[in-house]
Structure formats: C-alpha cells, structure tokens
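The lines below spell out each chain.
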Amino acid sequence: MPLARVRQVCDLPSPDAAEEVAAYWRHVTAETEARGRLAAFLVDHLSGRGSAVKDTTTRLGIRYAARSEPGPVRTSNEDVAYAGERLLAVADGMRGPGGDRTAAAAVDALTRLRTLPAPAEDLLGALADAVGDAERAIRDIAASTPSGEAVTTLTALVWSGSRLALVHIGDSRAYLFRDGGLFQITHDHSYVQSLIDEGRLTPEEAVSHPRRSLLVRALTGAGSSLPDLSMHEAVPGDRYLLCSDGLPGVVPAGVLRQTLAGPGGPRQVVDELIDLAYAAGAPDNVACVVADVVADAPADPVAGPVADAVAAEGSTATGDDGVAR
C-alpha cells in the first residue's frame, strides 16, 4: 500500500480502516488475477499453444465492416467508426458543440498511416506521432467552441503484415475473439473503472453508476493525457471488435462473445450488435467495427477492390465482400 494511503488509513476509525485495507487488498487481488490471465494468454500465444502455429510465410488480410448509429433518445451522434485496409478506429466525442468534429479529427489524423511505409517495428512511433497530430487538431476545435473544450476517446488498430499496433485512450474498447474466447485488450480510462480497480465498485454496479460516463483520460487538445500503446500479433481466424461505450454499456460480455462467435461475416455481425444495443434501449450512440483476419486471398472479382469506409451518423460501411490487405 502506498505510504500516503497508509497515513490516511491510520487516521480512520478502526471499522473504516479495516474496510480501506480490505478494499485495497481486493484491488491488488483483482489486478494480480488480471495480469495472470494476460500473462497466460501471452505465454500460450507466443509458444504457439493458444492457437495453431502461425505459418510465417502466409500473408494476412482482413474483412471488415463499420457502422455508427445514434441512440433513439439522442438528437445527435458524436461517434465515428472507420474501417480500411490498414486502419480500424472508433472515436466517441463529447456531447455538445464540436463533439462530432472532435471524434472525426482524431480518426482523420490516423488515416495518413494507411499509406505510411512504416515497418512493424516503427508502428508505435508512427502511431504516437499521429496522436500528436490529433491533439493539435482537437486544440483548434476547442478554441472554436463556446466552452473552449473538445474531448474524444480514441481506440484504433494499425496493421503491418501480421502485426498490429493498438492506440487507446478513453472508454471506447477493443476486443479480440480468438479460439472461442473473448478478450478485452483495452482498459477503460473512466472514473467507474478506477473504482472497480480499487475494489470499491463491482462491474455490475458500474453499469448504473451516476458518473459512469466520466473519463479520467481522453484526447482534449492539451496533450496532458498519454494514450496506451501496444503491439499485438494477429493469426488467421482472429476477429476484432472496436466499439464505443454505447455497446458494452447495454450488451453484456457474454452476449458479445456469443454474437462474435456466430457464423456471419463482419457486416452481419455489426448489424446484429447494433440491433442488440437498440433492443436494450440504446441510451447512448453506438459505433462499432468488426474485422476478421484471414489468410491472403484474391479480392472478390464481382465486388472489386475494397474501399476504405467511414461510418458516421446512421450509416454503414463495409468491406467484407473482398479482402483488404
């Protein structure tokens, strides 16, 4: 326990001090278990036990779909979903003036990575530079709003061969569905998640917490919060889901896993996920991207080349009729 917190505990009455120690230990236990699951996942993956051993000579491609819809009780949509041959992204702008422009600017700053000849080992650096561009664009947007504020989340994957770089800040999420298991590969930067981490709140309680939408880290144009950056290895059969908080906020993880396990392609799965959110009331806007990793294959001659696609308010963008590389 940090010394500052020890001092606080020592100043509390015995029952409160006991609860503080218990809460801290719950947090430590939960964090250790989470790290243990991640370590086991990485060990299995790196050793080839978690899935079929990858053929390093096989090029990989992706089939993808993206869609963003306003919740039925919302009058605007600040969520942006993007899917392209090297970039998948979701951003959720703060509600109010400039929110939609802020989310769009964050994603747009990453689109230059589509053609950037960056090898896999340089992806994280290129991604960090692109986030800096996003911050500068958001700063300009903030200056044009009455409140002087502009806030957005950003979760994106950039591809190079079989490796992908992940950038994440805020409470939008990225999931990996592999070998029947669903793994959340991002950590929410929200107030309620910090309470969960400390053992002060359960995930079930967080769903209805009055401050569940409060972020502790986001892109604001000030450059004061750094995003999480990480590298991942893709294998054929992987399915990735990127989504704004409007989806997991109303659709349980078990239902997400069941839907992602279905036989439909990305377009069908995206539509099913949006339908599930609407069936649950969809009090927030919903944006999601689904991408399947496949062994390289020629594009569908009927469908032709696959174009990059942005899904904004009430729109669907798909690329699952061909293979994007």
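Fair warning: this is a prediction, and the values are worked out from it, not measured in the lab.

### Quick word on the environment of Leu 87
No. 1: If you trace the backbone, Leu 87 turns up in strand S3 (residues 87–92).
No. 2: By relative accessible area, Leu 87 is classed as buried at 1%.
No. 3: Apart from residues lying up to four places away in sequence, Leu 87 is in contact with Tyr 82, Leu 110, Thr 111, Arg 114, Ala 156, Leu 157, Val 158 and Trp 159.

### Concerning the packing of aromatic side chains
Note on aromatic pairs: each is described by the distance of the centres and the angle between the planes.
No. 1: Taken as a whole and assessed by the stated rule, the structure comprises 1 aromatic pair.
No. 2: Aromatic side chains Trp 159 and Tyr 240 sit 6.0 Å apart centroid to centroid with 90 degrees between the ring planes, which places their arrangement in the edge-to-face category. With Trp 159 in strand S4 (residues 154–160) and Tyr 240 in strand S9 (residues 239–243), the pair connects residues that are 81 residues apart, well separated along the chain. Comparing Trp 159 with Tyr 240, the two get one shared label, buried.
No. 3: One Lys or Arg, Arg 211, reaches over the ring of Tyr 191 and ends 4.6 Å from the middle of that ring.

### A closer look at the pattern of salt bridges
No. 1: Under the criterion given, the structure shown has 12 salt bridges.
No. 2: The salt bridge involving Arg 67 is made with Asp 271; its shortest N-O contact spans 2.9 Å. In this pair, Arg 67 is assigned in strand S1 (residues 60–69) and Asp 271 in helix H8 (residues 266–279), connecting sequence segments 204 residues apart.
No. 3: Look at Arg 67 and you get buried, because its relative accessible area is 14%.
No. 4: For Asp 188, the salt bridge goes to Arg 173, with nearest N and O atoms at 2.6 Å. Of this pair, Asp 188 sits in the loop between strand S7 (181–184) and helix H5 (191–197) while Arg 173 sits in strand S6 (residues 173–178), and the two are 15 residues apart along the sequence.

### Remarks on the side chain of Glu 135
No. 1: Relative to the helices and strands, Glu 135 resides in helix H4 (residues 123–143).
No. 2: Although Glu 135 lies buried, it forms no salt bridge, and the closest oppositely charged side chain, Arg 139, sits 7.1 Å away as judged by the N-O distance.
No. 3: The residues contacting Glu 135, other than those within four sequence positions of it, are Leu 219, Thr 220, Gly 221, Ala 222, Gly 223 and Ser 225.

What counts and how
Residues numbered from 1 in each chain as written. Predicted model: local features only at pLDDT ≥ 70, side-chain atom pairs only at ≥ 80, totals over all residues. Heavy atoms only, no water. Helix = DSSP H or I, 4+ residues; strand = E, 2+ residues; numbered from the N terminus. Buried < 20%, exposed > 50% of the residue type's maximum accessible area, 1.4 Å probe, protein only. Contact = heavy atoms within 4.5 Å. Phe/Tyr/Trp six-rings, centres within 6.5 Å; stacked < 30°, edge-to-face > 60°. Lys NZ or Arg CZ within 6 Å of the ring centre and 35° of its normal. Salt bridge = Lys/Arg side-chain N within 4 Å of Asp/Glu carboxyl O. Lys, Arg positive; Asp, Glu negative; His and termini not counted.

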